[in-house]
Amino acid sequence: MERIERLFGGFLNLPELASRHGEDVDGLLNSTHISMVLLFLVWFAFLVVALWRFRAKRHPRANPAGVKPVFFAVVLGVVVLDEMATLFGVAIPMWNRNMAGFPDEDQATVVRVTAQQFTWNVRYPGKDGKFGAQSIAFVSDENPLGYDPADPAGKDDVAPPLKDLRVPLEPIDADGDGAQDVDSSGRPQFKPVLIHLTSMDVIHSFKVLPLRVCQDAVPGMSIPIHFMPTRAGKYMITCAQLCGNGHATMVGWLTVMDNQPQRGADGAITAPGAFDQWQASHVVGGAARSLE
């Protein structure tokens, strides 16, 4: 079955996969297509048999009684059971695992992403793990997100340029044995990413195909989404919800960066990882950020 799914994945020309939960998403997509192909072949075979068996030469007079309804009930029952198995046996459990498996913020890379016509605002909490306070009283053209410039918790927040979201590809070694942790299936584990998503104006949708992530950003709501990156790379962020005349320009970039620190000959750390260096270069320091 795994070989068949890989074959279908290549046939469907799916985008590259860069997240752990995306494996389940692709498995569901491939199995659905396999199921649809099998149903198509069965129905096509039935059509061929029906055209041959009930051809006019063999039955010059039409049979008003037709086929017994039991046959159609069986066929439709098989289709319904197949759809129920896909929905209740695979799709809903997968969704439940994703929704119930949110990582602890202390063990994840936490980011706030605020959608806005027609751009993406990104902010990280800094080393203290706390975001600066926000209030509508501080909202201005220079400070559109309303962060309190006097709040000490916001002094070390990280605010990169617009449309620039970056996360680390950081192996997990919870037991400290020097080897990367693996899950029950033997797959390597990386530090998860937790995004708090919202919007400043209208409904947008945060979509990154290689990560198999797509979530609406709704004004007045902070919606959490999470994923575990598994491959370094630069992936396009698109808005999957029509949001105005500039909708097509609302793109950004999510970069998964290697964050292994540089070490000397004695094993001591000589320089932080690339992601940590990038964050250090965009510390807010209490200054409001312009939209320009």
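As the structure is a computational prediction, the values presented were derived from the model and not from experiment.

Draft legend 1. A look at the pattern of salt bridges. Counted by the stated rule, this structure contains eight salt bridges. For Asp24, the salt bridge goes to Arg97, with nearest N and O atoms at 3.9 Å. On the criterion of sequence distance, the pair formed by Asp24 in helix α2 (residues 22–53) and Arg97 in helix α3 (residues 69–100) is long-range, its members being 73 residues apart. With a relative accessible area of 34%, Asp24 lands in the partly exposed category.

Draft legend 2. Quick peek at unusual backbone geometry. Note that the residue after Gln117, namely Phe118, is joined by a cis bond; omega there is -5 degrees. On the secondary structure map, Phe118 appears in the loop between β1 (109–116) and β2 (119–123). Phi at Lys163 is positive, roughly 70 degrees, even though this residue is not glycine. Following the sequence through the fold, Lys163 ends up in the loop between β2 and β3 (164–169). Positive phi, close to 55 degrees, is recorded for Arg212, a residue that is not glycine.

Draft legend 3. Focus on a positive patch on the surface. The grouping of Arg53, Arg55, Lys57 and Arg58 at the surface amounts to a positive patch. Tracing the backbone through its elements, the reader meets Lys57 in the loop between α2 and α3. With a relative accessible area of 75%, Lys57 lands in the exposed category.

What counts and what doesn't
- Residues numbered from 1 in each chain as written.
- Predicted model: local features only at pLDDT ≥ 70, side-chain atom pairs only at ≥ 80, totals over all residues.
- Heavy atoms only, no water.
- Salt bridge = Lys/Arg side-chain N within 4 Å of Asp/Glu carboxyl O.
- Helix = DSSP H or I, 4+ residues; strand = E, 2+ residues; numbered from the N terminus.
- Buried < 20%, exposed > 50% of the residue type's maximum accessible area, 1.4 Å probe, protein only.
- Patch = residues over 30% accessible without salt bridge, like charges linked within 9 Å, V, L, I, M, F, W, Y side chains within 5 Å.
- Areas by Shrake-Rupley, 256 points an atom, 1.4 Å probe, with all protein chains shown as cover.
- Lys, Arg positive; Asp, Glu negative; His and termini not counted.
- Charge placed at Lys NZ, Arg CZ, Asp CG, Glu CD.

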